Structure formats: C-alpha cells, structure tokens
Amino acid sequence: MSNQEKLADGKSGSYGLCLLDEDELYGIGSIETDAELKQRRHSGIKALFAEAQQDREAFWSAQAQCLDWFEPWNKVLQWDPPYAKWFLGGKLNACYNCLDRHMHTEIWKKNALVWEGEEGLERSLTYEELYKEVNKFSNVLKESGISKGDKVAIYLPMVPETVIAMLSCARVGAVHTVVFAGFSADALKDRILDADAKLLVTADGGWRKGRVIALKQTADMALESCPCIQKTIVVRRLNCEVVMQYGRDEWYDSLMEDAQEECPCEEMDAEDELYILYTSGTTGKPKGIVHTTGGYMVSVTATMRWVFDLQPCDIYWCTADVGWVTGHSYVVYGPLSNGVSQLIYEGAADFPQRDRFWQLIQKYRVTILYTAPTAIRMFMKWGDNWPQGCDLSSLRLLGSVGEPINPEAWMWYYTHIGCQRCPIVDTWWQTETGSIMIAPLAGFTALKPGSATQPLPGIDAVIMDEEGRQQSSGYLAITSPWPSMLRGIHKDSERYQQTYWKKWEGRYYFTGDGAKQDEDGDFWLSGRVDDVMNISGHRLGTMEVESALVDHQGVAEAAVIATAHAIKGQAIAAFVSLKEHTPFHADLEDELKQHVVKKIGAIARPERVIFISDLPKTRSGKIIRRLLRDIAEGRVTGDVTTLSDPSVMENIKKQYQED
Ligand code: WTA
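Since we're looking at a predicted model, the values are computed, not measured.

Colleague: Help me understand the site of the ligand, please; the structure alone is not making it clear to me.
Modeller: Around the ligand, 17 residues are found, and the nearest of them are D426, T427, T431, D513 and R539. Measuring from a nitrogen atom of the ligand, one finds a backbone N or O atom of G402 at 3.1 Å. Within the contact set of the ligand, an oxygen atom lies 2.8 Å away from a side-chain nitrogen or oxygen of R528. When isolated, the ligand has an accessible area of 520 Å², and the protein chains bury 96% of it. In the shell around the ligand, the residues fall into 6 nonpolar, 6 polar and 5 charged.

Colleague: For this particular structure, what's the right way to read the pairing of strand β18 (residues 368-371)?
Modeller: Sheet faces and side chains relate simply in a regular strand, where the side chains alternate between the two faces. Burial of the side chains of β18 extends over both faces: I368 and Y370 are buried on one face and L369 and T371 on the other. Bridge count between strand β16 (residues 315-318) and β18: 3 bridges; the pairing is parallel. Residue pairing in the sheet places C318 in a bridge with Y370 of β18. Note that β18 and strand β19 (residues 397-401) share 4 bridges and pair parallel. Across the sheet, the residue bridging to L369 is L398, located in β19.

Colleague: Would you take a moment to explain the sheet that holds β19 for this structure?
Modeller: Hydrogen bonds along the backbone pair up the strands of a sheet, which may run parallel or antiparallel. Taken together, the 7 strands give an open sheet; going across it, the order is β5-β4-β17-β16-β18-β19-β20, and neighbouring strands pair in mixed fashion. On the outer flanks of this sheet lie β5 (122-126) and β20 (424-427), each paired with one strand and no other. Between one strand axis and the next, the sheet turns through 20° on average, direction left out of account. Alignment of strand β4 (residues 111-116) against strand β17 (residues 341-345), held across 4 bridges, turns out to be parallel. Its bridge partner being in β17, V114 is matched across the sheet by L343.

Colleague: I keep staring at the nonpolar core and nothing clicks. Help me out?
Modeller: It is characteristic of soluble globular proteins that their nonpolar side chains tend to be buried jointly. The biggest cluster of nonpolar side chains holds 156 residues, and the ones touching the most others in it are F87, L130, F137, L167, I192, F308 and Y333. Of the residues forming this core, the biggest block, 9 residues, is contributed by helix α11 (residues 294-308). No fewer than three residues from each of domain 1 (127-264) and domain 2 (536-658) sit in this core. Residues contacting I192, with those up to four places away along its chain left out, are A153, A197, L200, L223, C226, C228 and I229. Counting 29 residues, the second largest nonpolar core, distinct from the first, contains V114, F357, W358 and L392.

Colleague: I'm lost on the packing of helix α20 (residues 625-632) against helix α21 (residues 648-658) in this one. Help?
Modeller: Angle between the axes and distance between the axes are the two parameters that describe a pair of packed helices. Where α20 meets α21, the closest approach of the two axes is 10 Å, and the angle between their N-to-C directions is 40°. Judged by the inter-axis angle, α20 sits oblique to α21. Considering only the axes of α20 and α21, their crossing is right-handed. For the pair α20 and α21, the contacting residues are L627, L628, I631 and A632 in the first and M649, I652, K653 and Y656 in the second. Classifying every residue of the contact of α20 with α21 by side-chain character gives 7 nonpolar, no polar and 1 charged.

Calculation rules
Residues numbered from 1 in each chain as written. Predicted model: local features only at pLDDT ≥ 70, side-chain atom pairs only at ≥ 80, totals over all residues. Heavy atoms only, no water. Near = heavy atom within 4 Å. Polar contact = N/O pair within 3.5 Å; in protein donor to acceptor, adjacent residues only side chain to side chain. Areas by Shrake-Rupley, 256 points an atom, 1.4 Å probe, with all protein chains shown as cover. Nonpolar A, V, L, I, M, F, W, Y, C, P; charged D, E, K, R; others polar. Buried < 20%, exposed > 50% of the residue type's maximum accessible area, 1.4 Å probe, protein only. Helix = DSSP H or I, 4+ residues; strand = E, 2+ residues; numbered from the N terminus. Pairing = 2+ DSSP bridges. Axes fitted to C-alpha atoms, helices over the stretch in contact; angles between N-to-C directions. Core = buried A, V, L, I, M, F, W, Y, C linked by side-chain atoms within 4.5 Å. Domains from an automatic or database assignment. Contact = heavy atoms within 4.5 Å. Parallel < 35°, antiparallel > 145°, perpendicular 65-115°, else oblique. Left-handed = near helix turned anticlockwise from the far one by under 90°.

Printed below as a string of structure tokens:
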C-alpha cells in the first residue's frame, strides 16, 4: 500500500497507526540511513545541552515554540523564590495543543488511542474522532454549569472517556483532579472536599483481574458527605444496574447524544491552573499538587520527544494508570500534544494469563514500552517463558519509572523484553516536577543498569548535604526553577514552603530523595529520605497509614515503616499497640488490614501487623521509626539513649521475630 493509500484509509494496516514514512512527515526529502539518523539525533541532543547551558531561559523560550500559543509570552520567567511563573502573558490551551492543532496536519487521521478492555473489548479513536468526542463532552460540561476555574473530579477506570474528560476540562478551562479508581470512598471524599469539586465524572464500574469494581457504589458513599458536588456524570462501562440519584446523576452517553458538536477552546493564561493531583507526603493528609498550563505543557511536550526519541510510526504504550502523574504527563498531555499513537489497557497483567502484556505488544506492534520496576520484578518471578512465547520484535525503546530499578531487573528487562536490542531509559521525576528530570537519552547517553544517569537539558540537579554544600552523596536537589515545577499545594502555601524549600532556606528545591553521583557524574537514586514510602511504585505516607490504623476503635497507637520487598520494592509493616480494654483475637490482624483498605485503598494494605505493648518514643513522645526499621532489617539497633524507656526495644524485637 502506498502512503497516499494509507492516508486515505486511516484504519488500515496495523490498526491504522502508521501512516507516513518519516521523510514525508519531516519533509526531509530523501530517506536517511540508520547511521545518518543516529548522527543527526546525536548532534541534535548535543546542541540542546549546549543551548541550555549557555542561557537557560532562552533555551526554554525556544522549547516553548513546540506548542501553539494564542498569544506569545512577554517574559520567560519570574522567579520570586520559592514561587515561579513561566511564560508570563502567554495565552494557550492544553487541549488545543493535544487535538485542534493536529487537525491541520496529517496527524488527524492517525489513531490517537487504541484501547483494550480487560475482557478483550477493543476500541480505537483517531485524532479526529477524539477531537469530536472532546468537543461534545466540553459542551456537556458547560451545560452542566462548569466554567473556567471550576474544579472537576474524575474517578474512572482506564477507558478512553477518562482521557476525553481530562481534555474536555482543559478545553473549557476547568481544573481536573483525577482520583485513582483504586482509592476508597474515604480517600475520594477527602480529595473532592479539599479540591472543592463541583462535578464528578465516574463510571458504573470497571474490570480488574476478572472482577468487577463497583465504582459508582464507592462514589455514592463518598458523595454522602460531599455537598460541593452538584452533579455526577456516569460513564457506562459495564452496562450494569446502578442506583442513579434523581437530579444529581446523569448518564454520560445520553448527555453526549444531545451535545453540540463544536466547543471553542477557552483562552488560558500560561499560569492558569490545569490540574490538581493529590500525592502523599509526610503528614496524614495528602497534598494537592498544583500544575499550571504553559510551563507544564512545554516541559511534558519537550521531554516526551527527547526521552522517547519519537518517530511518526511509533506505537507507544505507557502502562501507568491515569490516576497517577505518569498517566497525566505521559499518557495524556505528552503523547497527545506530540501526535503519538498509543495503546491504553484497562486491566491486569495476568488476565486471563501472565502473558497479557506481551500479547498486547505483539498484537498492536508496540514500539515503545514505559512501565515500572515493580511490574518488571513481577514478570521476572512469573518466568521467562511468558514473554518468550510472543513476538516482541516491534519494540525499539523501553522505559522505567516510579522507583529505583535494581540492576538485576534492568538486565532482565533488557534481555527478555528488549532482546538486547532496545535501550532502557530509567526516568527519575515526581508528581511535583511534572515531567521527567533525570534520564538517559537513547543514542546519546551511555546506559548504566540502575542509574537514571544525567539531568535533562535545562534541568539543574545536584546532590547536597544538610548544609547545602555540594557532595557526591546526600540529598537530591534542583537548583534552578523549571517550567513544569509545581506552583504550590492547593490551599496550603505554608506546607509548600516547609516541605520543598525550607531545608536550604528557599534557595533549592528539596526532592525528598537520597542519591549518589559517580565519577562520570551519573546519578544513582536510592529512594526517599523522608517518611514517604514507595509501595509498588506508588507513593504513600507512613502517617497516612498510621492515621487509618488509629481510626480503628481498638487501636491506641501505630507506627508504620517500609520494609524491603522482592516484588513491590517496599512493603508496609505496621507496629500497633491496642487500647487497654481491646480484646486480642486471631482475626484482628486481618481486621486492621481491611480497615486500612477501607480508609485508603488496596494499595495501602499492610503486609504485616505486629502487635506490641509500647512504641519506641523519645521523652517528648515522638515515635522513633528508625529503630523499628533497624529491627525489621535485622540490624543492630542504633542509638537508644533518647528513648523514654529503652526496654521497649527488647519486647518489640521479640514480638517481631515471633510474629
Ligand atoms: C521515586 C512518579 C528512582 C522517587 C513519577 C520520587 C524514582 C518518587 C524514579 C515520585 C526513578 C520515581 N528512580 N526513584 N526512575 N522515578 N522515583 O510522585 O522516590 O508518584 O521521589 O512520581 O518516586 O513518585 P511520584
């Protein structure tokens, strides 16, 4: 089939994903050899680093040209530490950049989303089709009373409507707050209330590991105490019976049937809020991380292109759920603003069998896979025969995100999935950074299993000690503002300053991560240095889990630590003391685990609950988790002189070993 023919038939070939030869899209004129392409990428990246080094602001200003702006900015950066504003005076719309602008290029015919449900249902949407759906849903939002600046909560499984809902919010200038569908009713309620959301988009349910998840039912429980929600829009995913509350709940599909076809994009200021995403911190209350439009879109669009070395024919698959920041930046905004064709999958990796991921790669000819170390370790455990049985020859680049990747997992990924052909990009970043900060650039950076290597162009990262002196081992710090940096914590500027800027008196951003730098200047991340855990690549605060435990009527006190876990990276161990009159019974451990699931969600279920009579505390009553970690990791317990009662350690140790 010629390219012209392919163009005329967007749904042909491999799911209509590959439309044009590279040289036609790039307008190069002649087909380059592999070596020439590599050479061009190499010198392109070198120039990027050189430009960034010479003048960081001019560099980001040049990068901002990757977007379409309604009005140009008149100032690149205003830095009043710790508050940054980027591209001041610039006007744009994130949805316009993800959809409308592609309607004037050949991208409109490409598939934007190829979706597969867990039970095998398939659906694809070209950029044009996605554009139409988003226009309609934007009108639905407006008809429902949503206008610029309003907050919309989204509690959906991984279905195309999730992407449609997010983009529609951006289109009308509403601020979305996506809540991971695995979170409990309580967690959803807390987020809705903190964000003051007016509308909720949810579904009748979703599929997970062959089981139905009753999303609407959970949402209803949350909404019992959310007076701010005026309306709920329910996506029909399962077509199952749900209770619809008259006057509040409406079906997505019936609203879409009556919706007007065209909805103009709201002109947003570069610094207008795009979304709030909640993430765990060191207190019991999650933080609403605020991202704005211009800087965020510049960083995600540029980093997507650099890190994944995008080619027009790529079929990209990021396995993250849209409920996390990776889903925001590298499923929605980054890929779509670059006109990428991508696969999204709703379900589990082992349904119906343990080769589901590899079957999907084979079926859709995926070229780039972006996943998490915890998943890779799970695949390793399941055995090499699962990927071996599938054709993975379409893959050309692999990515990793969410936690440090251990060299063993790196090597397995490289050997068994990448067949020793595909480079691995280990990408370090955070909800707060909005976009990838440290990662190798394939074809340019020498890869090292276990190291995220070097900061990207325009990013100034160093390692510092407590006093703010540069060292080769210590805390990871970012020393200059970057476009997609968080603009604050929703309704809590005090916490923003305390958490990220207090350590070095407002001069540098504190990441909360420990790191080392080797003789080549490559970064090796070692994990969190604060009371934040990383369970299967998901951030959870120790205090959050402790609050959930003490919420149980029988619990007097609780201390939570993370212990090393072969698959999850870290697992939760909870040390619990009971109230004096609480009778101990054999089911209490399960009951407490279930209580945490109810309060937060299944990701927070403790691996172990250890019942103890007293927690190790200082004389002023502060729990010393460090000593509990020593016990869990079988180390000689450190300094116990500050303990109010040093004898408690012996009891805890005994209990931990017996349990
Ligand atoms: C950890 C996820 C080592 C880190 C994008 C960070 C990593 C936290 C890596 C952010 C990596 C993420 N190597 N550690 N490649 N990527 N982390 O906000 O501790 O869910 O602070 O963002 O995950 O988690 P978050």
